[in-house]
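The chain contents come next:
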Amino acid sequence: MVLVTSESQKWRATPYAGIELCLLRQNEEKGGALLLKLAAGARFPLHDHPGGEEVYVVEGAVTIGGRKLAAGDYLWTEPGGRHDASADRDTLLFVSSPKGIEILEK
């Protein structure tokens with residue numbers, strides 16, 4: 001079992017303006033589960049999912065691969081699927097990606 005309490009969560013900046021992450025669990029394949037905060041207008045670049053990806057919108061609104069999602073929405077991206085993400089307003093996501101991601105934009 002892995003337990004990450006709300007008190008022990010550690011948020012850190014990413015290389016992308018307005019985006020922070022909190023790693024909840026990491027596996028040997030560079031994948032795992034995390035929370036992602038996106039400020040309104042922030043954009044996460046085009047990326048690939050070797051092992052697929054699950055996204056649950058905890059709060060806010062985001063556009064992922066051209067699909068608009070709001071709080072309570074769930075999105076599954078199949079292995080090899082590619083998309084970017086941009087926050088329509090301040091957003092909190094739960095993300096699970098068993099084999100991590102590969103950034104495709106410089």
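Before any of the text, the structure's been laid out above.
In this report, the structure presented in the accompanying data block is examined. Sequence order as written defines the numbering, with residues in each chain counted from 1. In keeping with the model being predicted, local features are shown solely for residues with a pLDDT of at least 70 and side-chain atom pairs are shown and tallied solely at 80 or more, while totals for entire chains, interfaces and linings include all residues. Just so you know, side-chain values use all the structure's heavy atoms and leave hydrogens and water out.

### What to know about the overall build of the protein chain
- By the criteria applied, helices consist of DSSP H or I runs no shorter than four residues and strands consist of E runs no shorter than two, each listed in order from the N terminus. When helices and strands are counted, the protein chain shows zero helices and eleven strands.
- The order of α-helices and β-strands along the protein chain, N terminus first, is β-β-β-β-β-β-β-β-β-β-β.
- For this measure, only C-alpha atoms enter the radius of gyration; the expected value for a globule follows 2.2 Å times N^0.38, where N is the number of residues. Over its C-alpha trace the protein chain gives a radius of gyration of 13 Å, about what one expects of a compact globule, namely 13 Å for 106 residues.
- With the C-alpha coordinates aligned to their principal axes, the bounding extent of the protein chain is approximately 35 × 30 × 25 Å.
- Buried positions account for 40% of the 106 residues belonging to the protein chain.
- When the accessible area of the protein chain is evaluated, it comes to approximately 6400 Å², of which 52% is carbon and sulfur surface.
- Once the 12 positive and 15 negative side-chain charges of the protein chain are each reduced to a mean point, those two points are 4 Å apart. For every residue, the accessible area obtained with a 1.4 Å probe (protein chains only) is divided by the maximum for its type, and the residue is called buried under 20%, exposed over 50%, and partly exposed between those limits. Here, Shrake-Rupley sampling with a 1.4 Å probe gives the accessible areas, and only protein chains in the shown set may cover a residue. Only four residue types enter the charge count: Lys and Arg as positive, Asp and Glu as negative, with His and the chain ends excluded. Lysine's charge is taken at NZ, arginine's at CZ, aspartate's at CG and glutamate's at CD.

### A closer look at the pattern of salt bridges
- Think of a salt bridge as a Lys or Arg side-chain nitrogen and an Asp or Glu carboxyl oxygen that are within 4 Å of each other. Tallied over the full model, the rule gives four salt bridges.
- Across the pair Arg43 and Asp84 runs a salt bridge, and its minimum N-O distance is 3.1 Å. Here the residue Arg43 occupies a position in strand 4 (residues 43–49), and Asp84 occupies one in strand 9 (residues 81–87), the gap between them amounting to 41 residues.
- Overall, Asp84 belongs to the partly exposed group, its relative accessible area being 24%.
- The closest approach of N and O atoms between Lys68 and Asp88, which form a salt bridge, is 3.8 Å. You can see Lys68 sitting in strand 7 (residues 67–70) and its partner Asp88 sitting in the loop between strand 9 and strand 10 (91–97), a full 20 residues away along the chain.
- A relative accessible area of 64% means that Lys68 is categorised as exposed.
- Overlapping salt bridges bring together Arg43, Asp84 and Glu105 as one network.

### A word on the side chain of Thr77
- Relative to the helices and strands, Thr77 resides in strand 8 (residues 74–77).
- You can call Thr77 buried: its relative accessible area is 10%.
- Counting of polar contacts relies on pairs of N or O atoms within 3.5 Å, with two restrictions inside protein: one atom must be capable of donating a hydrogen and the other of accepting it, and residues adjacent in sequence are counted only when both atoms are side-chain atoms. Among the polar contacts listed, one links the side chain of Thr77 to the side chain of His83, at a separation of 3.5 Å.
- Note on definitions: a residue-residue contact is assigned when non-hydrogen atoms from the two residues lie within 4.5 Å. The contact partners of Thr77, leaving out residues within four places of it in the chain, are His49, Gly52, Glu53 and His83.

### Quick notes on the sheet that holds strand 5 (residues 53–59)
- Here we have six strands laid out as an open sheet, ordered 1-2-3-10-5-8, and antiparallel in their pairing. Among the strands making up the open sheet, the edge pair consists of strand 1 (12–13) and strand 8.
- If DSSP finds at least two bridges between two strands, the strands pair. Of the strand pairs in this sheet, strand 3 (residues 32–38) and strand 10 are connected by seven bridges, and their pairing is antiparallel. Of the residues in strand 10, the one forming a bridge with Lys37 is Leu92.

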